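# Summary of structural features
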Amino acid sequence: MDAEPEVLDELRRLRTRIPQLTGALAASVDGLVLAQDTAGVEPEGVAALTAAALGVALRLAEATGQGDFRELLVRGVHGYVATYAAGRSAVLTLLAQDRVNVGRLHLEGRRASSRIGELIDEAVLRAEPPQSRTARTPTTTATTRSAPLRTRTARTPASPRSAANARTTTES
């Protein structure tokens, strides 16, 4: 990815703004590390677990009617893991000490994820073949750059009765 140096720079600036951060990484929604500034944790493992948690969070948000995924916060005894949508195809995961100001963590995490999302989305756009770029209109490009992370998941029936109804409708 040709945006890696800029993303890494953003992660380092974020760690400077929030001294209680113990790690930061940008990953694809599939769990591949795009850039990382972590110590004491395996970034590939964290990225893979983030992708798994993202899948559950997407389904939970959809099942409860809360809309597109924006962020996920996990609080453990020793600190926080915060994950933010970063553009259309990436996430930002932050590791923080238990004494971090959570409001500040969210404020800075949201800002950084927005910037990282722009960098990654632009890199993906530059990497596309010229044929697919010319098919886009300027209006479409402007709206897709700021579009939130969207992933379709299969809906599971809410009850056994609706499962039977769903089965009969799809079989006919």
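Residue numbers run consecutively from 1 along every chain, following the written order of its sequence. With the structure being a predicted model, the display of local features is reserved for residues of pLDDT at least 70 and the display and counting of side-chain atom pairs for 80 or more, all residues being used for whole-chain, interface and lining totals. Just so you know, side-chain values use all the structure's heavy atoms and leave hydrogens and water out.

A tally of helices and strands in the protein yields 6 helices and 5 strands. If you list the helices and strands of the protein from N to C, you get α-β-β-α-β-β-β-α-α-α-α. Each residue's exposure class comes from its accessible area (1.4 Å probe, protein chains only) as a fraction of the maximum for that residue type: buried when under 20%, exposed when over 50%, partly exposed otherwise. Looking at the 172 residues of the protein, the share that counts as buried comes to 38%. For the protein, long-range pairs separated by at least 24 residues make up 52% of all intrachain contacts whose partners lie at least 6 apart in sequence. Total accessible area on the protein is roughly 10300 Å²; 54% of this is exposed by carbon and sulfur atoms. In this description a helix means any DSSP run of H or I spanning at least four residues, a strand means any run of E spanning at least two, and both kinds are numbered starting from the N terminus. Contacts were defined at the residue level, with two residues in contact if any of their heavy atoms lie within 4.5 Å. Note on areas: Shrake-Rupley with a 1.4 Å probe; residue coverage comes only from the protein chains shown.

With that settled, consider the nonpolar core. Counting 26 residues, the largest nonpolar core has Val7, Leu11, Leu92, Leu94, Leu105 and Ile116 as its most contacted members. Mapped by element, the contributors of at least two residues to this core are helix H1 (4-17), strand S1 (21-28), strand S2 (33-38), strand S4 (79-86), strand S5 (90-97) and helix H3 (102-127). For this core, the element with the most residues is H3, which contributes 6 residues. Sequence-distant contacts of Leu94, defined by excluding residues within four places in its chain, comprise Leu14, Leu21, Gly23, Ala24, Tyr80, Val81, Ala82, Tyr84, Leu105 and Gly109. Ranked by size, the runner-up nonpolar core spans 10 residues in total, among them Ala27, Val46, Ala57 and Val91. Among the buried residues, those of types Ala, Val, Leu, Ile, Met, Phe, Trp, Tyr and Cys that are joined through side-chain atoms within 4.5 Å form a nonpolar core.

Remark: H1 packs on H3, axes separated minimally by 10 Å, with the N-to-C direction vectors making an angle of 170°. The orientation of H1 relative to H3 falls into the category roughly antiparallel. Side by side, H1 and H3 meet where Glu6, Val7, Glu10, Leu11, Leu14 and Arg17 of the first sit next to Arg104, Glu108, Gly109, Ala112, Arg115, Ile116, Leu119 and Ile120 of the second. Its residues assigned to classes, the contact of H1 with H3 comprises 7 nonpolar, 1 polar and 6 charged. Axis definition: a line fitted to C-alpha atoms, limited for helices to the stretch in contact. Angles are taken between N-to-C directions and run from 0 to 180 degrees. What sets the label is the angle itself: under 35 degrees gives roughly parallel, over 145 gives roughly antiparallel, 65 to 115 gives roughly perpendicular, and the rest give oblique. Residues are grouped as follows: Ala, Val, Leu, Ile, Met, Phe, Trp, Tyr, Cys and Pro are nonpolar; Asp, Glu, Lys and Arg are charged; all remaining types, including Gly, are polar.

Before going further, it helps to spend a moment on the environment of Glu10. Mapped onto the elements, Glu10 comes out in helix H1. Glu10 gets classed as buried once you look at its relative accessible area, which sits at 6%. Distance in space between the C-alpha atoms of Glu10 and Arg115 is 8.0 Å, their sequence separation being 105 residues. Two N or O atoms form a polar contact when they lie within 3.5 Å of each other; inside protein one atom must be a possible hydrogen donor and the other a possible acceptor, and for residues adjacent in sequence the pair counts only when both atoms belong to side chains. Polar contacts involving the side chain of Glu10 include one to the side chain of Arg13, which spans 2.4 Å.

This paragraph deals with the pattern of salt bridges. Pairing is possible between side chains that carry opposite charge, provided their charged atoms lie close to one another. Whenever Lys or Arg places a side-chain nitrogen within 4 Å of a carboxyl oxygen from Asp or Glu, that contact is recorded as a salt bridge. Following the criterion strictly, the structure yields 10 salt bridges and no others. Among the ionic pairs, Glu108 bridges to Arg17, the shortest N-O distance being 2.7 Å. Residue Glu108 is found in helix H3, and its partner Arg17 is found in helix H1; the two are separated by 91 residues along the sequence. Look at Glu108 and you get buried, because its relative accessible area is 5%. A salt bridge links Glu71 to Arg110; its shortest N-O distance comes to 2.7 Å. Of this pair, Glu71 sits in strand S3 (residues 71-76) while Arg110 sits in helix H3, and the two are 39 residues apart along the sequence. Through salt bridges with shared partners, a single network forms among Asp9, Glu10, Arg13, Arg17, Arg104, Glu108 and Arg111.

Attention shifts here to the pairing of S4. Burial analysis of S4 places 7 of its 8 residues in the buried class, the great majority of the element. Between the end of S3 and the start of S4, which pair antiparallel, lie 2 residues. Sheet analysis places S4 next to S5, joined by 8 bridges and oriented antiparallel. Bridge pairing in S5 places Tyr84 opposite Leu92. Linking S4 back to S5 in an antiparallel pair, the connection comprises 3 residues, with Gly87 at a positive phi of about 80°. Two strands qualify as a pair provided that DSSP identifies no fewer than 2 bridges between them.

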